[in-house]
Amino acid sequence: QVQLVESGGGLVQAGGSLRLSCAASGRTFSRNALGWFRQAPGKEREFVAAIRSWTGNADYVDSVKGRFTISKDNAKNNVYLQMNSLQPEDTALYYCAVDRSLYRLSRSKDDYDYWGQGTQVTVSS
């Protein structure tokens, strides 16, 4: 049974940093992209970043480019999101998930499976 568990969220002041972790179990994802999404209250779940497990190349939404870095530890089957220079608009519940197609990186949440329960990130001004 595949399971993703996010951790590392918390409350931080604007300008601060957090590192989110996503631990995957039940399968290895060497040919899938793994992504981070976020959902703020009253808003749609949106793409944040994703990484191609087979190349290590990543994609980011424009609003986080230069501030967030996604990485993957293939040995541990974990994916991370280092978030720097956090802003109040980054406040959301952050989820990790797996692109269900091999060798594809999608920005659409509808293309992802195995969602975790999320970890809350709150940035105060």
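Within any chain, residue numbers begin from 1 and follow the written order of that chain's sequence. The predicted nature of this model means local features are confined to residues of pLDDT at least 70 and side-chain atom pairs, given and counted, to a pLDDT of 80 or more, with totals for whole chains, interfaces and linings taken over all residues. Just so you know, side-chain values use all the structure's heavy atoms and leave hydrogens and water out.

Trainee: Just give me the short version of the nonpolar core, but keep the residues and values in it.
Mentor: Working definition of a nonpolar core: buried Ala, Val, Leu, Ile, Met, Phe, Trp, Tyr and Cys residues. They are joined through side-chain atoms within 4.5 Å. We call a residue buried when its accessible area falls under 20% of the maximum for its residue type, exposed when it is over 50%, and partly exposed in between, using a 1.4 Å probe and counting protein chains only. Counting 36 residues, the largest nonpolar core has Trp36, Val48, Phe68, Ile70, Leu81, Met83 and Tyr94 as its most contacted members. Contacts are residue-level and defined by heavy atoms, with any inter-residue pair within 4.5 Å sufficient. With residues near it in sequence (within four places) discarded, tyrosine 94 still touches Glu6, Leu20, Trp36, Phe37, Arg38, Val48, Phe68, Leu81, Met83, Gly118, Thr119 and Val121.

Trainee: An account of the environment of proline 41 is requested, with residue identities and associated values reported.
Mentor: Each helix is a run of H or I in the DSSP string that is no shorter than four residues. Each strand is a run of E no shorter than two, and both are numbered from the N terminus. As for its placement among the helices and strands, proline 41 is situated in the loop between β4 (32-39) and β5 (46-52). Linking proline 41 and aspartate 111, residues 70 residues apart in sequence, is a C-alpha distance of 22 Å.

Trainee: Before we move on, can you summarise the environment of alanine 24 with the specific residues and values?
Mentor: With respect to the helices and strands, alanine 24 occurs in strand β3 (residues 18-25). Excluding residues within four positions of it along the chain, alanine 24 makes contact with Gln3, Leu4, Phe29, Asn77 and Asn78.

Trainee: Which residues make up the pairing of strand β7 (residues 68-73), and what values do they have?
Mentor: Only one face of β7 is covered, namely the one carrying Phe68, Ile70 and Lys72; the face carrying Thr69, Ser71 and Asp73 has none of its residues buried. Bridge count for β7 against strand β8 (residues 78-83) is 6 bridges, and the pairing is antiparallel. Along β8, the bridge assignment pairs threonine 69 with glutamine 82. Each pair of strands is called paired provided DSSP finds at least two bridges between the two strands. Between β7 and the antiparallel strand that follows it, β8, lie 4 residues; asparagine 77 among them carries a positive phi value of about 60°.

Trainee: Explain the sheet that holds β3 residue by residue, including any values.
Mentor: Strand pairing in a sheet relies on backbone hydrogen bonds, with the paired strands running either antiparallel or parallel. With antiparallel pairing, the 4 strands of this open sheet are ordered in space as β1-β3-β8-β7. Two strands lie at the open edges of the sheet, namely β1 (3-7) and β7, each paired on one side alone. Going across the sheet, the axis of each strand differs from the next one's by a mean of 15°, ignoring polarity. Of the pairings in the sheet, the one linking β1 to β3 comprises 5 bridges and is antiparallel in character. Its bridge partner lying in β3, glutamate 6 is registered against cysteine 22. Convention adopted: a line fitted to C-alpha atoms gives each axis, helices being fitted over their contacting stretch, and angles between N-to-C directions are expressed from 0 to 180 degrees.

Trainee: Before we move on, can you summarise the pattern of salt bridges with the specific residues and values?
Mentor: Salt bridges are defined by distance alone: a side-chain nitrogen of Lys or Arg within 4 Å of a carboxyl oxygen of Asp or Glu. Applying the stated criterion across every chain yields a total of 9 salt bridges. Across the salt bridge formed by aspartate 62 and lysine 65, the nearest N and O atoms sit 3.1 Å from each other. The class for aspartate 62 is exposed, based on a relative accessible area of 58%. With a shortest N-O distance of 3.8 Å, aspartate 111 and arginine 104 are connected by a salt bridge. By relative accessible area, which is 27% here, arginine 104 ends up partly exposed.

Trainee: Requested: an account of the environment of tyrosine 112, with residues and values cited.
Mentor: Structurally, tyrosine 112 can be placed in strand β10 (residues 112-113). In this structure, the C-alpha to C-alpha distance between tyrosine 112 and serine 7, residues 105 residues apart in sequence, is 19 Å. With near-sequence residues (within four places) excluded, tyrosine 112 lies in contact with Ala33, Leu34, Gly35, Phe37, Ala50, Ala97, Val98, Asp99, Arg100 and Ser106. Separated by 2.6 Å, the side chain of tyrosine 112 and the backbone oxygen of serine 106 make a polar contact. By the criterion applied in these results, polar contacts are pairs of N or O atoms within 3.5 Å in which, for protein atoms, one can donate a hydrogen and the other can accept it, and in which residues neighboring in sequence qualify only through two side-chain atoms.

Trainee: Explain the state of the cysteines to me, using residue names and the numbers behind them.
Mentor: Cysteine sulfurs are considered disulfide-paired once they come within 2.5 Å of each other. Following the criterion strictly, the structure yields 1 disulfide and no others. Linked covalently through their sulfurs, cysteine 22 and cysteine 96 form a disulfide whose S-S length is 2.0 Å. Every disulfide takes its handedness from the sign of the S-S torsion; for cysteine 22 and cysteine 96 that torsion is 65°, giving right-handed. One end of the pair, cysteine 22, is in strand β3; the other, cysteine 96, is in strand β9 (residues 92-102), with 74 residues separating them in the sequence.

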